[in-house]
Amino acid sequence: MTVSDRNPYTGVPLAPDRTRTMPEAFIFDVDGTLADTERDGHRVAFNQAFAGFGLDWYWSEETYGELLAVTGGKERMRHYLHSRKLPQRHDPGLDRLIADLHALKTRNYVELLEQNAIPLRPGIERLLREARGSGIRLAIATTTTPQNVTVLLENALGTDSLGWFDVIGAGDVVPRKKPAPDIYHYVLRELGLGADACLAFEDSANGLIAARGAGLPTIVTRNFYTAADDFSGALLVLDHPGERGNPSRILQKDLRRDCLDLDAIERIASRPR
Ligand code: XBP
Ligand code: MG
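Residues numbered from 1 in each chain as written. Chains lettered and ligands numbered in written order. Predicted model: local features only at pLDDT ≥ 70, side-chain atom pairs only at ≥ 80, totals over all residues. Heavy atoms only, no water.

Enquirer: Provide a residue-level description of the environment of Ala156, including the pertinent values.
Expert: With respect to the helices and strands, the residue Ala156 is situated in helix H6 (residues 146–157). Placed 37 residues apart in sequence, Ala156 and Pro119 show a C-alpha to C-alpha distance of 6.0 Å. Look past the residues within four positions of Ala156 in its chain and what remains in contact with it is Ile118 and Leu120. (Helix = DSSP H or I, 4+ residues; strand = E, 2+ residues; numbered from the N terminus. Contact = heavy atoms within 4.5 Å.)

This is how it looks when you write it as C-alpha cells:
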C-alpha cells in the first residue's frame, strides 16, 4: 500500500519517487511489549521454582529488575549464581539443576497465567486487530520459552490467536539470545521478508539492540523495568500504543496523535532515516 504524498513533517511535496509505504509485517517482542509479564509473572514463577527445590533464593522486584539485564531465564539464573558467588555455582551438576529449575519455572508460569491471565498492554490488541484487518502480517521474536507465548496469547486473546502470527520465534530456537540479533534474523528468514519491509516493537535496550542489529526499524514501548534504558536508534519511544481513554504518553513529539494507529505508523515508518 503506497501513496505519494507531502513530507509528513515539513509539508513539502515528496520527490516523485518518494512514497509512503506501510510495513508488510509487524514483529512483536513479548515480555514487556505485548504484556507486563516480568514482575508478576516470570519473577513469581522463578521464586516458586526456587522454593519447590528447597533453595533459599528469592528474587525481589528490585533484584529482578537488575537481573533482567540478562535475557533468558536459564542464563539469568546462572548469572545470579555467579554474580552473588553462591556455592552452587561450582556444582558439577549445575547445568542439570538449571534445566530442571527452568522446567519447573515454566510450568509455574503457565499455571499462573492460566489462573490469572496477564492482560495485554494498552493498545496492543487494538493494533494487532488493525494490522490484521489491513493485511499486515504479524510475527513474534522473543527470548522467552514457546509455551509462555502460547499461554499468554490464548488467555489474553483466545485459543485461535496463535494463528494470527505467521511466525513465532521463541527461546532456544536460536543459539544466541537478545541483544544478539539471531531471533530477528530467524523471524525475517521464516517470513521471507527483508528488514526494511518490517517494523519491530520492543520494550528494552536489549531488545532494541537485537532488532536494530538485524536492520529493523523499531518502535519502543517502555515499561516499569525499562524506563531508564537507552533507546537511541528507536524510531519512536512511547509508554504504550494507547487506546480510547488511555492515550499514549509520547516521548518524542512526532506522532501528533493520541494513539499509535496505522496512519501514524505509515508516517513514522516513511520518515527519512
Ligand atoms: C524476556 C526474557 C525472558 C523472560 C523469561 O523475553 O528475557 O527470558 O524474562 O522467560 P522478551 P524464560 O522480552 O524477548 O520477550 O524464563 O522463558 O526465558
Ligand atoms: Mg521484552
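Enquirer: I'd like a description of the site of ligand 1, backed by residues and values.
Expert: In the vicinity of ligand 1, 19 residues are found, and the nearest of them are Glu38, Gly73, His102, Thr142 and Thr145. Between ligand 1 and the protein, one listed contact pairs an oxygen atom with a side-chain N or O atom of Glu38 at 2.7 Å. Between Thr143 and ligand 1, the recorded distance is 2.9 Å, taken from a backbone N or O atom to an oxygen atom. Elements that contribute at least two residues to the shell around ligand 1 include exactly helix H1 (38–52), helix H3 (73–83) and helix H4 (94–115). Top contributing element to the shell around ligand 1 by residue count: H1, with 3 residues. For the shell around ligand 1, a count of residues per class yields 3 nonpolar, 10 polar and 6 charged. (Near = heavy atom within 4 Å. Polar contact = N/O pair within 3.5 Å; in protein donor to acceptor, adjacent residues only side chain to side chain. Nonpolar A, V, L, I, M, F, W, Y, C, P; charged D, E, K, R; others polar.)

Enquirer: Lay out the coordination of the magnesium ion (ligand 2) in plain terms, naming residues and giving numbers.
Expert: Each protein donor to the magnesium ion (ligand 2) is listed here as Asp29 (OD), Asp31 (O) and Asp203 (OD); together their distances run 2.1 to 2.3 Å. Counting the intervening residues between successive donors of the magnesium ion (ligand 2) yields the motif D-x1-D-x171-D. Taken together, the residues span a long stretch of sequence, with Asp29 in the loop between strand E3 (25–28) and H1 and Asp203 in the loop between strand E6 (198–202) and helix H8 (205–213) at a distance of 174 residues. Using a relative accessible area of 5% as the deciding quantity, one classes Asp29 as buried. (Donors = N, O, S within 2.8 Å, 3.2 Å for Na, K, Ca; no water. Buried < 20%, exposed > 50% of the residue type's maximum accessible area, 1.4 Å probe, protein only.)

Enquirer: Report on the environment of Ser161, specifying residues and quantitative values.
Expert: Following the sequence through the fold, Ser161 ends up in the loop between H6 and strand E5 (167–170). Spatially, the C-alpha atoms of Ser161 and Thr150 are 8.9 Å apart, while their sequence positions differ by 11 residues.

Enquirer: Which residues make up helix H7 (residues 182–191), and what are the values?
Expert: Burial analysis of H7 places 7 of its 10 residues in the buried class, which makes it a mostly covered element. Within H7, the full set of buried residues consists of Asp182, Ile183, Tyr184, Tyr186, Val187, Leu188 and Leu191. On its buried face, H7 sits against E3, strand E4 (137–142), E5, E6 and H8. Positive phi appears at Gly192, one or two residues downstream of H7, with a value of about 70°.

Enquirer: Describe the nonpolar core, naming the residues involved and giving the relevant values.
Expert: Grouped together as the largest cluster of nonpolar side chains are 40 residues, with contacts concentrated most on Phe26, Phe28, Leu34, Phe201, Ile219, Leu260 and Ile265. Residue assignment for this core shows that the elements contributing at least two residues are E3, H4, helix H5 (124–133), E4, H6, E6, strand E8 (236–238) and helix H9 (262–270). Among the elements that take part in this core, H6 stands out by supplying 5 residues, more than any other. Residues Ala25, Tyr186, Leu188 and Leu216 belong to the second largest nonpolar core, which totals 20 residues. (Core = buried A, V, L, I, M, F, W, Y, C linked by side-chain atoms within 4.5 Å.)

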